[in-house]
Amino acid sequence: MRLITEAEVATVLDLPTATAALREAFAQHGRGEAQVLARHRASATQGGTALSVSAMGAILAAGQGLPAVLGTKVYSARDGRYDFVVTLFSADTGHAIATLQANEFTRLRTAAATAVAADLLARPDARRLAVFGAGVQARAHAQALSLVRPLREVLVCARSGATELAAELQALLGLPARAVDAATAAAEADLIVTATRASTPLFDGALVRPGSFVAAVGSSKATARELDDTLLARAALLAVEWRPAAEQESGEFALAAPGVIAPMRVAELGELLLAPPERRDEDVVVYKSVGIGLEDVALARLVAHRLGVC
């Protein structure tokens, strides 16, 4: 079994590659050819330090020149700091193929999955992106969405670091970028990404422009939410990676008032890739991500294959 380091991952994986790999993995899931292992967590406090260990995974069929694999992602959290690894197994032999350090593609995989959703569900003429948050995922999402829509401007809203991130994105993407408040970000953008650690909604959903695409990616806990009931009720479509995960791990689902989220308006990304929905120009579309093992295993398989391991 091979140990694949972060440095090796970085040599063969980038956002366009990750986005293409996840598009195929979600389509495979939509066809019933991939299965997902739900996230499980255990938590403790030792010596005043908050600890947890989590595990999730998937089984992927062969396709696109890649072998069938089974995989698990396991990660630790210590006072809010994470460390990730993915272990891959061959579907042909059942033997372990590789263990990969997975911090780099954990960063990429969330943004790449959002890019798949936005490319499918955002209006073709969407041009102004607002990102809530100024951390790793806010930066990665601005990069990822610039690959699927010809952005003209980026708005950044964050409790701290917004001005610095706006300057960084302006230089990185070659686009105008500015720090704004929450109301301005919600009202002026037609692509919105929330990538924060907020536990309560970030803005009034009534401010969001008709036709906007909103991706909430900041939380995978049922006790925290970034979007309010007003926006969820306005959504013509609520896209999720996998229904069971969204329903169990998303505060948007768990904390919504009864009747706000109509089941017929919820669809999995894999289903939507196979049968793209009709979209009216004025429709607001929400994509809620909690992260599922399908994404990690798909990228781990691609990395291992490109490095000649499988």
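Look above for the structure.
Below, the structure is looked at part by part. Since we're looking at a predicted model, the values are computed, not measured.

**Some details on the packing of helix α4 (residues 136-146) against helix α5 (residues 162-173)**
Between α4 and α5, the least distance of the axes is 11 Å, while the angle of their chain directions is 30 degrees. Classified by the angle their axes make, α4 and α5 are roughly parallel. The handedness of the crossing between α4 and α5 is right-handed. Residue-level contacts link Ala 138, Arg 139, Ala 142, Gln 143 and Ser 146 of α4 to Leu 165, Glu 168, Leu 169, Leu 172 and Leu 173 of α5. In the contact of α4 with α5, the residues fall into six nonpolar, two polar and two charged.

**Some points on the packing of helix α2 (residues 15-30) against helix α3 (residues 103-121)**
Direction vectors running N to C along α2 and α3 enclose 65 degrees, while the axes themselves pass 8 Å from each other. The angle between α2 and α3 falls in the class roughly perpendicular. Our pair here, α2 against α3, has a crossing hand that is right-handed. Touching Leu 15, Ala 18, Thr 19, Leu 22, Arg 23 and Phe 26 of α2 are Leu 108, Arg 109, Ala 111, Ala 112, Ala 113, Ala 115, Val 116 and Asp 119, all from α3. Here the contact of α2 with α3 is built from residues that sort into 10 nonpolar, one polar and three charged.

**Overview of the environment of Tyr 82**
Note on placement: Tyr 82 falls in strand β5 (residues 81-90). Tyr 82 gets classed as partly exposed once you look at its relative accessible area, which sits at 43%. A sequence separation of 135 residues divides Tyr 82 from Val 217, and the C-alpha atoms of the two residues are 17 Å apart.

**Overview of the pairing of strand β10 (residues 191-194)**
On β10, burial covers both faces: Leu 191 and Val 193 on one face and Ile 192 and Thr 194 on the other are all buried. Both strand β7 (residues 128-132) and β10 contribute to a ladder of four bridges, which runs parallel. Within β10, the residue paired with Phe 132 across the bridge is Thr 194. The pairing of β10 with strand β11 (residues 213-216) spans four bridges and is parallel. In the strand pairing of β11, Leu 191 is matched with Phe 213.

**So, a nonpolar patch on the surface**
Taken together, the side chains of Val 53, Val 74 and Val 85 present a nonpolar region at the surface, about 190 Å² in accessible area. Position of Val 74 among the secondary structure elements: in strand β4 (residues 69-78). The partly exposed category is assigned to Val 74, whose relative accessible area is 33%.

**Quick look at the side chain of Lys 73**
Positionally, Lys 73 belongs in strand β4. Its relative accessible area of 1% is what places Lys 73 among the buried residues. When neighbours within four sequence positions are excluded, Lys 73 is seen to be in contact with Ser 54, Ala 55, Met 56, Phe 84, Val 85, Val 86, Thr 106, Arg 109 and Asp 296.

Criteria and thresholds
- Residues numbered from 1 in each chain as written.
- Predicted model: local features only at pLDDT ≥ 70, side-chain atom pairs only at ≥ 80, totals over all residues.
- Heavy atoms only, no water.
- Axes fitted to C-alpha atoms, helices over the stretch in contact; angles between N-to-C directions.
- Helix = DSSP H or I, 4+ residues; strand = E, 2+ residues; numbered from the N terminus.
- Parallel < 35°, antiparallel > 145°, perpendicular 65-115°, else oblique.
- Left-handed = near helix turned anticlockwise from the far one by under 90°.
- Contact = heavy atoms within 4.5 Å.
- Nonpolar A, V, L, I, M, F, W, Y, C, P; charged D, E, K, R; others polar.
- Buried < 20%, exposed > 50% of the residue type's maximum accessible area, 1.4 Å probe, protein only.
- Pairing = 2+ DSSP bridges.
- Patch = residues over 30% accessible without salt bridge, like charges linked within 9 Å, V, L, I, M, F, W, Y side chains within 5 Å.
- Areas by Shrake-Rupley, 256 points an atom, 1.4 Å probe, with all protein chains shown as cover.
- Salt bridge = Lys/Arg side-chain N within 4 Å of Asp/Glu carboxyl O.

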